[in-house]
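Spelled out from the first residue to the last, the chains are:
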Number of protein chains: 2
Amino acid sequence: MQYPEPIERLIDSYMKLPGIGEKTATRLAFFTIDMDQDDVAAFASSLTAAKTQLHYCSVCGNITDDDPCSICTDTSRDQTKILVVEQVKDVMSIDRMDEYHGLYHVLHGVMSPLEGTGPEDLNIASLLHRLQDNDAVNEVIVATNATPEGEATAMYLARLIKPAGIRVTRLAHGLAVGSDIEYADQMTLMKAVEGRTEI
Amino acid sequence: MQYPEPIERLIDSYMKLPGIGEKTATRLAFFTIDMDQDDVAAFASSLTAAKTQLHYCSVCGNITDDDPCSICTDTSRDQTKILVVEQVKDVMSIDRMDEYHGLYHVLHGVMSPLEGTGPEDLNIASLLHRLQDNDAVNEVIVATNATPEGEATAMYLARLIKPAGIRVTRLAHGLAVGSDIEYADQMTLMKAVEGRTEI
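Please read these numbers as outputs of a predicted model, since none were measured by experiment.

Here's the deal with the relation of the copies chain A and chain B
For these two chains of identical sequence, chain A goes onto chain B by a turn of 179 degrees and a shift of 0.0 Å along the axis, with RMSD 0.1 Å. The superposition of one copy onto the other is thereby described by a two-fold rotation axis. It is A44 of chain A whose C-alpha, among those of chain A, lies nearest the rotation axis, at 2.1 Å. With an isologous cut-off of 70% or more, the 98% of interface residues of chain A that recur at the interface of chain B puts this contact in the isologous class.

Structure representation (C-alpha cells):
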C-alpha cells in the first residue's frame, strides 16, 4: 500500500529540504493536510515568491528584491566601511546588534582547497571594483568565520586590499561572553591571551 | 534591518510547521532560494494539491483522493475484519508489514479527558454504522496505542461492539523484538509475563 499520490509528492518535496528525512517529511505532510487552507496557500505562494522575486544585489551580493539592495542605497549608512561576510545570513546577524552601521559585502562562501573553491568562485572581484570605484572606503572589516578556511580567505583579502592603502581588520577572537575557561579550546584560549586588553 | 519581505514571509510559513523554530526556518528559507526553480515550483504545487485533492474517506476515515478510499473498495481484502487505529499514519505502518489484509477504520484521535476529547469527537459513530450495515464483519481489532488513553478507548469500543456478538481483540503487549529485558519498563514486563506463550 502507498499513500495517495498527492501525499507521496508532498513527502518527496519535504525530503528535498536539508535535515529532513522520510519520517519527518511524512509528519510534516500530514500536518500540512490539517493546516488552514489559507496558511497552505500562503506557504505555496511564499515559496514561489521567494524563488522568483529574490536575487543577489549586484553591488554587495546580499539577497534582495530590489537592485541595488536597501543597504547599498541607504545613504545614512557609514560609506567609509565595508564589512565582508561569508553568507547572506551573517549580514543579518551583524546588523541586528545595531553596533555596525557601514556597508556589507557577501562572498557567498570561503576559499576551500578541499572543496575546490578558489577566489574566482567567490564574490571577490566585485568587492575590488567597489573599492576602485569608491574612494570613500577607508576600512574593510573581514568577518569571515573563525575557521581555517575563513582565516585563509581573510588573509587573502588583506593581501589584495592593503596595497591600495585601505585598512583591513578582522573581528576579535577570544572567549565567548558568558563562557567558561574550562571548556574553551586551546586555540581560543591562545587567541584570548594574545588579544588581552588593559582594564 | 529585516530580510526582504519575500524571505520574511517564507520564514513565517516554515515556522508554522511543527518542530521548526526561527533558526531552522531561516535555514530552510535560504536553502529554498538556492533550490532549482522546478523543485520549488513542484513543492508549491504539491502543497496546494495535498490540501485541495485529499480528504478523509467517508467509510473508514483514511486519507484519500477518491471516496471511498482504495482500501474500502478493494474486494480482494478480507471483509470480515476491521482494524481500528488512532491515526491515518498507523494504517500505513500496519499495511506495510503485509500480514493483515482486512479493512481499516481511523478514529482520528483517542479519548482523552485531559484534552477534553470524548467519544463524540472521534470517528466512532461511523464505525458502528459500518458494523450495523455489514453482517460480514466478525472481528474488530483495536490497534490504538499502548497508552492509557489508547487502552481506555479500546475498552470503550469493546463495550460498545461486543454486545452485537462481534469479537473485539487488541494487539499483543510485550517486549519489543530485539529489546533488552534490562531496559523494559515494569508495565511492559508485566504484560509480557501475563501474555507468555507456550514454546
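So, the side chain of S112 of chain A
Residue and element names in this part refer to chain A. The residue S112 is located in the loop between β4 (102-106) and α5 (125-133) in this model. Residue classification places S112 among the buried residues on the basis of a relative accessible area of 5%. Filtering out sequence-adjacent residues up to four positions away, S112 remains in contact with T117 and E149.

Some points on the domain arrangement of chain A
Buried accessible area, meaning the area lost when the parts come together, often serves as the stated size of an interface. For chain A, the assigned domains read domain 1 (5-53) and domain 2 (63-198). Here domain 1 of chain A and domain 2 of chain A have C-alpha centroids that lie 35 Å from each other.

Observations concerning unusual backbone geometry
For residues other than glycine, phi is negative in most cases, and the peptide bonds are mostly trans. The linkage connecting D67 of chain A with the following residue, P68 of chain A, adopts the cis geometry, with an omega of -5 degrees. Residue placement: P68 of chain A occurs in the loop between β2 (63-64) and β3 (78-85). A positive phi is found at D98 of chain B, a non-glycine position, where the angle reads about 60 degrees. Tracing the backbone through its elements, the reader meets D98 of chain B in the loop between α4 (88-96) and β4 (102-106). Taking the relative accessible area as the measure of exposure, D98 of chain B reaches 54% and is therefore exposed.

Comments concerning the sheet that holds strand β5 (residues 139-142) of chain A
Residues and elements named next belong to chain A. Taken in spatial order, the 4 strands make up an open sheet running β4-β3-β5-β6, and their pairing is parallel. Every other strand in the sheet has two partners, leaving β4 and β6 (167-170) as the edge strands with one partner each. Going from strand to strand, the sheet's axes swing by 25 degrees on average, the running direction of each strand aside. Examined bridge by bridge, β3 and β5 share 4 bridges and lie parallel to one another. In the sheet register, L83 faces β5, and the bridge partner there is I141. Lying over the sheet, α5 contacts β3, β4 and β5, oriented at roughly 150 degrees with respect to β4. Along the sheet, helix α6 (residues 148-161) contacts β3, β5 and β6; its crossing angle with β6, the most-contacted strand, is approximately 170 degrees.

Some details on the pairing of β3 of chain A
The two faces of a sheet get side chains in turn, since along a regular strand they alternate between them. Residues and elements named next belong to chain A. Where β3 meets β4, 5 bridges bridge the pair, whose relative direction is parallel. What sits directly across from I82, in β4, is L103. Assessed by its sense of winding, the connection that carries the chain from β3 through helix α4 (residues 88-96) to β4 is right-handed.

Brief notes about the interface of chain A and chain B
Residue-level contacts link 53 residues of chain A with 53 residues of chain B. For the pair chain A and chain B, the summed buried area comes to about 4900 Å², and 71% of that belongs to carbon and sulfur atoms. At the boundary of chain A and chain B, one finds 2 salt bridges. Here K16 of chain B makes a salt bridge to D39 of chain A, at a shortest N to O gap of 4.0 Å. The interface formed by chain A and chain B holds 8 residue pairs in polar contact (both at pLDDT 80 or more) in total. Those elements that provide at least two residues to the side of chain A that touches chain B are α1 (5-15), α2 (22-34), α3 (37-53), β2 and α4 of chain A. A class-by-class count of the residues in the side of chain A that touches chain B yields 28 nonpolar, 12 polar and 13 charged.

Rules and cut-offs
- Residues numbered from 1 in each chain as written.
- Chains lettered and ligands numbered in written order.
- Predicted model: local features only at pLDDT ≥ 70, side-chain atom pairs only at ≥ 80, totals over all residues.
- Heavy atoms only, no water.
- Least-squares fit on C-alpha atoms with pLDDT ≥ 70 in both.
- Contact = heavy atoms within 4.5 Å.
- Helix = DSSP H or I, 4+ residues; strand = E, 2+ residues; numbered from the N terminus.
- Buried < 20%, exposed > 50% of the residue type's maximum accessible area, 1.4 Å probe, protein only.
- Domains from an automatic or database assignment.
- Pairing = 2+ DSSP bridges.
- Axes fitted to C-alpha atoms, helices over the stretch in contact; angles between N-to-C directions.
- Right-handed = clockwise from strand over helix to strand, strands pointing away.
- Buried area = accessible area lost by both parts, 1.4 Å probe.
- Salt bridge = Lys/Arg side-chain N within 4 Å of Asp/Glu carboxyl O.
- Polar contact = N/O pair within 3.5 Å; in protein donor to acceptor, adjacent residues only side chain to side chain.
- Nonpolar A, V, L, I, M, F, W, Y, C, P; charged D, E, K, R; others polar.

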